[in-house]
Amino acid sequence: MDPIFFTHIPKTASTSLQRAVVDNVVDEECRHRYSGVKSALLSQNLSFDFLEGHYPYGIHTLYRATSPQYFVMLRDPIDRAISHYYFIKASNSSTYTHPQADAAYKNNLVDFYRRPRYQNPQTRYTAGIQWHFAGRYISLNGFLGSQALARAKSNLREKYEAFGLKERFRDSADLFASRIGTRVQLPERKHQRTPNRPSISDLDDGVVRKLEQLNARDVSLYQFAVDHFGCQFNE
């Protein structure tokens, strides 16, 4: 089978989707975990059926994979932003501390997303390698972001085998399974549920508007995905 590349954006139900679909068709010994650009370059021509980990579109070029099958899950950007921030703060224990915990504890929800590296992750991941890494240092809410957004939209329609929506999880799972040629086996429980997090409706309207501004490219990309999600079932 052509190798599966799952653009795993944090807090988009990607792990649950993987367990519901990919785990049914790819054996453990046929997987490889992405652990950075350097390791990918050292693993060129490595044979695998599924690449695990958090990585942007285009990473297949480092592995010299010629026929990649790309999939991605997207989520309402504000809901994702809230979930991600509170998940980071909750991942702080004697056994594990999230690498971004220091930034989360030093900043409130809005100030955390003032940093470019935390803004518009869905656009950065789907736009490609250069935009993913550049977006860590340069806010995509400026002029360059329009180019990143255009590339992300183009990739969703032309480069991805399918894209899903967290808010339409079962439909997304069915879509992915049909493209891969397997069945859906829904997990018994949600993976990595974020505890003690507010919902969008719990936040002050001013906070929500600011989060929308700081993640403006993701807001546009998500609306694009919602508008075109159903078209995939007719292809």
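Draft legend 1. Expanded view of the packing of aromatic side chains. This model, assessed by the stated rule, comprises 16 aromatic pairs. Taking 5.8 Å as the distance between ring centres and 65° as the angle between the ring planes, the aromatic pair formed by Phe5 and Phe48 counts as edge-to-face. Here Phe5 is found in strand E1 (residues 4-7), whereas its partner Phe48 is found in the loop between helix H2 (37-42) and strand E3 (50-52), with 43 residues between them in sequence. The exposure class assigned to Phe5 is buried, which follows from its relative accessible area of 0%. One aromatic cluster is present, formed by Phe5, Tyr34, Phe48, Tyr55, Tyr57, Tyr63, Tyr70 and Tyr160 through successive ring pairs. Between Lys11 and the ring centre of Phe87, over which it is positioned, the NZ or CZ distance is 4.3 Å. Above the face of the Tyr105 ring, Lys89 is positioned so that its terminal group lies 5.2 Å from the ring centre.

Draft legend 2. Here's a closer look at the pairing of strand E5 (residues 160-165). With five of its six residues buried, E5 lies for the most part within the structure. Inspection of the sheet shows strand E4 (residues 69-74) paired to E5 by five bridges, in the parallel sense. Its bridge partner lying in E5, Val72 is registered against Phe163.

Draft legend 3. Layout of the pairing of E1. What you see with E1 is no split at all: Ile4 and Phe6 on one side and Phe5 and Thr7 on the other are buried throughout. The pairing of E1 with E3 spans two bridges and is classified as parallel. Considered in E3, the bridge of Ile4 is made with Phe50. By the bridge criterion, four bridges tie E1 to E4 in an arrangement that is parallel. Following the sheet pairing, Phe6 is matched in E4 by Phe71.

Draft legend 4. Geometry of helix H11 (residues 205-214). Those residues of H11 that sit buried are Val208, Leu211 and Leu214. Each buried residue of H11 lies within a common arc of 130° when the element is viewed along its axis, so the set occupies one face. In the core, the buried residues of H11 are packed alongside helix H4 (77-90), helix H6 (109-112) and helix H12 (216-228). Two or three places before Gly206, at the start of H11, stands the capping residue Asp204, its side-chain oxygen 2.8 Å from that residue's backbone nitrogen.

Reading guide: rules and limits
- Residues numbered from 1 in each chain as written.
- Predicted model: local features only at pLDDT ≥ 70, side-chain atom pairs only at ≥ 80, totals over all residues.
- Heavy atoms only, no water.
- Phe/Tyr/Trp six-rings, centres within 6.5 Å; stacked < 30°, edge-to-face > 60°.
- Helix = DSSP H or I, 4+ residues; strand = E, 2+ residues; numbered from the N terminus.
- Buried < 20%, exposed > 50% of the residue type's maximum accessible area, 1.4 Å probe, protein only.
- Lys NZ or Arg CZ within 6 Å of the ring centre and 35° of its normal.
- Pairing = 2+ DSSP bridges.
- Arc of directions from axis to C-beta.
- Contact = heavy atoms within 4.5 Å.
- Polar contact = N/O pair within 3.5 Å; in protein donor to acceptor, adjacent residues only side chain to side chain.

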